[in-house]
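# Notes for the structure review
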Amino acid sequence: MNSIELNTLKDTLNKQGYVIFNLENSEQNLLDIASLFGKIVPGDNGALVQQLLAQEKGNGSYGAFSYSVGFNQFPWHTDTAYWDIPIRYLMLASEKPSPCATLARTFDSLSSSIEDFLYLSERAVYQLDIPGKRRVLTPIIRQKGMIGFKFDFHIYKPVNNEAKKLNELMLEQLKLDSHRIVWLGNNVAIIDNWRVIHAREDAHNDKKRILKRVYINELV
Ligand SMILES: [Fe+2]
């Protein structure tokens, strides 16, 4: 990848909230590519390249989506929504083609479809529903002059009416429209985790699905 191509991809990521591109060859190291975009941050288990396996309900780590929903569709979420400031970018790749796509929708788009999106987000209060980490929070991320959002339909329980209403309106919209990131085996997606909410389609037709994920902070 030359610097012009890299700048075009960064530009698309900034404008669109996500960018999808093909790997030049399957041997290309994901960490090398990720480091062109920013600072790599390890996942909760310490791995730089995290392996996400589709799993039967009740398997895997307690608290992971697979543990609760198995091969069914994952709830819409922000990755690391249980961190105070969630990771900024996710790089995702699948070595093999998969019929199980990643679904994505920008908060810009939700905000254009939901008249009171910002009003409700500013007033919504959720409880982080993880044993040992229970606390109340709001879904707005304010950092360096930008506004981002964090949501998780699995571990954020609405506390007030604004949060309940916002969840209702968002779910209605997310059912109507989202972008499918289709895994072709040679492509990579980088998603702005503060500007895009995402989910996994159900994996009943690809129970062997393995997605690789790299967390990235600020763009270099
Ligand atoms: Fe995710």
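Note: the structure precedes this text.
About the cut-offs
Residues numbered from 1 in each chain as written. Predicted model: local features only at pLDDT ≥ 70, side-chain atom pairs only at ≥ 80, totals over all residues. Helix = DSSP H or I, 4+ residues; strand = E, 2+ residues; numbered from the N terminus. Buried ≥ 20, exposed ≤ 12 C-beta atoms within 10 Å, placed from the backbone. Contact = placed C-beta atoms within 7 Å. Core = buried A, V, L, I, M, F, W, Y, C linked by C-beta atoms within 7 Å. Pairing = 2+ DSSP bridges. Axes fitted to C-alpha atoms, helices over the stretch in contact; angles between N-to-C directions. Expected span 1.5 Å × (residues − 1). Arc of directions from axis to C-beta.

## Overview of the overall build of the protein
Summing up its helical and strand segments, the protein has six helices and 14 strands in all. Expressed as lengths along the three principal axes of its C-alpha atoms, the size of the protein is roughly 50 × 40 × 35 Å. Across the 220 residues that make up the protein, the buried fraction comes to 30%. Across the protein, the fraction of contacts at a sequence separation of at least 24, relative to all contacts at a separation of at least 6, is 79%.

## Quick word on the nonpolar core
Proteins that are soluble and globular tend to have nonpolar side chains buried together. By size, the foremost hydrophobic cluster in this structure holds 37 residues, and its most contacted members are Y18, M91, I190 and I191. Secondary-structure elements contributing two or more residues to this core are β1 (18–22), α2 (30–37), β4 (89–93), α4 (107–113), α6 (161–176), β12 (187–192), β13 (196–200) and β14 (210–219). Considering every element that reaches this core, the biggest residue donor is β4, with five residues. Beyond its immediate stretch of four places on either side in the chain, I190 contacts L13, Y18, V19, F37, Y89 and M91.

## With respect to the environment of L118
With respect to the element layout, L118 can be found in helix α5 (residues 117–123). Since 14 C-beta atoms lie within 10 Å of it, L118 is described here as partly exposed. Measuring from C-alpha to C-alpha, the distance between L118 and Y215 comes to 27 Å, with 97 residues separating the pair along the chain.

## Here we look at the sheet that holds strand β6 (residues 126–128)
Strands belonging to one sheet form pairs held by backbone hydrogen bonds; the direction of such a pair is parallel or antiparallel. Read from one edge to the other, the open sheet built from three strands follows the order β7-β6-β10, with strand pairing classed as antiparallel. Edge positions in the sheet fall to β7 (135–137) and β10 (156–158), since each has one partner strand and no second. Taking each pair of neighbouring strands and ignoring which way they run, the sheet shows an average axis angle of 35 degrees. Pairing between β6 and β7: three bridges, direction antiparallel. In the strand pairing of β7, Q127 is matched with V136.

## Comments concerning unusual backbone geometry
If you check the backbone angles, T80 has positive phi at about 55 degrees while not being a glycine. Here T80 shows up in the loop between α3 (65–69) and β4. Positive phi, close to 45 degrees, is recorded for K144, a residue that is not glycine. Note on placement: K144 falls in the loop between β8 (140–143) and β9 (146–149).

## Remarks on the environment of L30
Following the sequence through the fold, L30 ends up in helix α2. For L30 and H198, which are 168 residues apart along the polypeptide, the C-alpha to C-alpha distance reads 21 Å. Leaving out residues up to four positions away in the same chain, L30 has contacts with V49, M91, A93, K212 and V214.

## Some words on α6
The end-to-end C-alpha separation of α6 is 23 Å, in line with the 22 Å expected for 16 residues at 1.5 Å each. Listed in full, the buried residues belonging to α6 are A163, L166 and M170. An end-on view of α6 places all buried positions within 60 degrees of arc, on one side of the element. The exposed set on the far side of α6, more than 90 degrees from its buried face, consists of N161, E168, E172, K175 and L176. Against the buried residues of α6 lie α4, α5, β6 and β10.

## Overview of the sheet that holds β13
Pairing in this open sheet of three strands is antiparallel, and the strands run β11-β5-β13 from one edge to the other. Every other strand in the sheet has two partners, leaving β11 (179–183) and β13 as the edge strands with one partner each. In this sheet, neighbouring strand axes are inclined to one another by 30 degrees on average, regardless of whether the strands run parallel or antiparallel. Summarising the sheet, strand β5 (residues 98–106) and β11 pair through four bridges and their orientation is antiparallel. Bridged to A104 within β11 is H179.

## As for the pairing of β12
Regular strands show a simple pattern: their side chains alternate between the two faces of the sheet. Within β12, five of the six residues are buried, which leaves it mostly tucked inside the rest of the structure. Here five bridges tie β1 to β12, and the two strands are oriented antiparallel to one another. Bridge pairing links V19 to I190 in β12. Of the pairings in the sheet, the one linking β4 to β12 comprises five bridges and is antiparallel in character.

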